[in-house]
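The lines below spell out each chain.
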Amino acid sequence: MQSKEITVVGLGYIGLPTAVVMAGAGHHVKGYDAKKEVCESLNAGKIHIVENYLQEAFTQVRENGCLEITEEIAESDIYVVCVPTPFQEEENEKTADLSYVESAAKEVAKVLKKGDLVILESTVPPHTTAMMTEILAEESGLKKDEFYTAHCPERVLPGKILYELKHNDRIIGAKDPEAAEITKELYETFVVEGHCYVCDDVTAELCKLAENTFRDINIAYANQLSMLCRKAGIDVFRLIELANKHPRVSILTPGLGVGGHCLAVDPWFIVEKYGEDASLIRTAREINERKPYWVKDQILKDINYDKEKKIGILGMAYKPNIDDMRESPSLALAGALESDGYMVYGCEPNSHSDTIGNIRLLSLEELLNSCDYYVVALAHDEFKSDAVKKRIMDKPYYDCIGFLRG
Ligand SMILES: NC(=O)c1ccc[n+]([C@@H]2O[C@H](COP(=O)([O-])OP(=O)(O)OC[C@H]3O[C@@H](n4cnc5c(N)ncnc54)[C@H](O)[C@@H]3O)[C@@H](O)[C@H]2O)c1
């Protein structure tokens, strides 16, 4: 495939690395974000997210002239939509908030021409690509068969995004097989090791949700085991280690819960669409959402409900060595302790903030010096030295992740 003009819409954790990798493959990429401060930071040469090797790669493609950042949507042949798809909660039911996809589609429609391709990368409930196609047609005045649309969900691991964008297999779904083939050709220009598989749009949409739901259910099982092992008085981490010696068993690790913009969100998109046929998926989600509150109960028993004790949480992000706190179970735990009147502090070495909501963030040294009880939520690199581990174990603690085991 020849070099293409591509506009990437939404320059967050997914859109920015995708724009950089596409530019690195020789395409002329125009990155656009609705947030002015994001564009300003990028135009000043500084990336606004934490991701390994991204700053260097970004600087390089900018210097080569392959990536420009625009504060208005720029016309291209191909549009790649990477906007957020959080959930919204109404009467205890969680449903996908597709307002960002809708607004992005309206933006793209302003510049859409015959023959263009619009790829939706955001994680979405089934039939959202069809909804985006409707909006594009309605707003642009083009007929639906005068432009192409496809869905290519993202499955990268934060921290390894640049590597995984080039090495992971991709699923590309479109109602129109020609749209899927054109999208496949584009992705094959930068997916150097992985394969690109094509299917229809709804299969691709559900495939992404099914992948994350599989992991969420597996972790819910591990979390449930952790709760019943506490009652049984045995070490859940040893139990899982031994169970996984079975050649066909692979139980994931329990933790404080499950966070992030993917695993904690995507299963709800299946429940939303297929409610009564998705009871296992809903139950797993509920177990993982309840876990921080169960941990809170264990902590309170440990400190004998003493409100004079200062509780320090090590790790406020949703996973190790990143700054992303979306749906973080540490925030749920901290919020629950704080609203019950307990003194709670967080330590998040990847964040420059002093507070998150009502929770004060301390440096590792401050937290270790000032707190009476520690909760180990994440295995950040900063916590891994023997000296830090020893200081944690010198006081009472709750180790959610088996970090301090032998
Ligand atoms: N972060 C991950 O690890 C990951 C992994 C796989 C899939 N996903 C999915 O990818 C999608 C994007 O996630 P993210 O983590 O990059 O989100 P993000 O919040 O980091 O970035 C999204 C960006 O889109 C911008 N935006 C919103 N509406 C816009 C519009 N109309 N026009 C232009 N820009 C707009 C926002 O300002 C923001 O900068 C989501 O659907 C998410 O579920 C994320």
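Computed from a prediction, not measured in an experiment: that's the story for all the values here.

**Looking at the overall build of the protein chain**
Across its full length, the protein chain carries 14 helices and 16 strands. Since a compact globule built from 406 residues should have a radius of gyration of about 22 Å, the 23 Å found for the protein chain is in line with a globular shape. Structurally, the protein chain occupies a C-alpha span of about 70 × 50 × 45 Å along its principal axes. Contacts in the protein chain between residues far apart in sequence, at least 24 positions, make up 70% of those at least 6 positions apart.

**Concerning the side chain of K291**
If you trace the backbone, K291 turns up in helix α11 (residues 279–302). Once you skip the residues sitting within four places of it in the chain, K291 turns out to touch N223, S226, M227, P254, G255, L256 and G257.

**Observations concerning the pattern of salt bridges**
Tallied over the entire structure, the rule returns 27 salt bridges. Notably, a salt bridge pairs E5 with K30, separated by 2.7 Å at the nearest N-O pair. With E5 in strand β1 (residues 5–9) and K30 in strand β2 (residues 28–32), this residue pair connects regions lying 25 residues apart in the sequence. On the accessibility criterion, E5 (30% relative accessible area) is partly exposed. Here K36 and E40 are joined by a salt bridge, their closest N and O atoms 3.2 Å apart. Residue K36 and its partner E40 are both found in helix α2 (residues 36–43); the two are separated by four residues, about one turn of the helix. With a relative accessible area of 41%, E40 lands in the partly exposed category.

**Brief notes about the environment of V101**
Mapped onto the elements of the fold, V101 is located in helix α4 (residues 99–111). When sequence neighbours within four positions are dropped, the list of residues in contact with V101 reads V83, T85, L120, V124, T128 and M131.

**Structural notes on the domain arrangement of the protein chain**
Each assigned domain of the protein chain is listed with its residue range as follows: domain 1 (5–199) and domain 2 (236–399). Centre-to-centre, using C-alpha coordinates, domain 1 lies 31 Å away from domain 2. In this assembly, 16 residues from domain 1 lie in contact with 18 residues from domain 2. When the two sides are added together, the surface that domain 1 and domain 2 hide from each other amounts to roughly 1,500 Å², 58% of it contributed by carbon and sulfur. For the domain 1 face of the interface with domain 2, the top three residues by lost area are Y13, F87 and K94, together amounting to 34%. Taken together, the connections running from domain 1 to domain 2 amount to two salt bridges. Among the ionic pairs, R282 bridges to E93, the shortest N-O distance being 3.1 Å. In this assembly, domain 1 and domain 2 are joined by four residue pairs in polar contact (both at pLDDT 80 or more).

**Description of the nonpolar core**
Ranked by internal contacts, the top residues of the largest apolar core, which has 43 residues, are V8, L16, M22, L67, V80 and Y187. At six residues, the largest contribution of residues to this core is made by helix α1 (residues 15–24). In this structure, L67 is in contact with A19, V20, A23, V29, G31, F58, V61 and R62, ignoring residues within four places of it in sequence. By size, the runner-up hydrophobic cluster in this structure holds 33 residues, among which are V101, A109, V118 and F147.

**Side note on the packing of aromatic side chains**
Applying the stated criterion across every chain, the model contains one aromatic pair. In this structure, K389 is placed above the aromatic ring of F403, and the distance from its NZ or CZ to the ring centre is 4.7 Å.

Parameters at a glance
Residues numbered from 1 in each chain as written. Predicted model: local features only at pLDDT ≥ 70, side-chain atom pairs only at ≥ 80, totals over all residues. Heavy atoms only, no water. Helix = DSSP H or I, 4+ residues; strand = E, 2+ residues; numbered from the N terminus. Rg over C-alpha atoms; globule rule 2.2 N^0.38 Å. Contact = heavy atoms within 4.5 Å. Salt bridge = Lys/Arg side-chain N within 4 Å of Asp/Glu carboxyl O. Buried < 20%, exposed > 50% of the residue type's maximum accessible area, 1.4 Å probe, protein only. Domains from an automatic or database assignment. Buried area = accessible area lost by both parts, 1.4 Å probe. Polar contact = N/O pair within 3.5 Å; in protein donor to acceptor, adjacent residues only side chain to side chain. Core = buried A, V, L, I, M, F, W, Y, C linked by side-chain atoms within 4.5 Å. Phe/Tyr/Trp six-rings, centres within 6.5 Å; stacked < 30°, edge-to-face > 60°. Lys NZ or Arg CZ within 6 Å of the ring centre and 35° of its normal.

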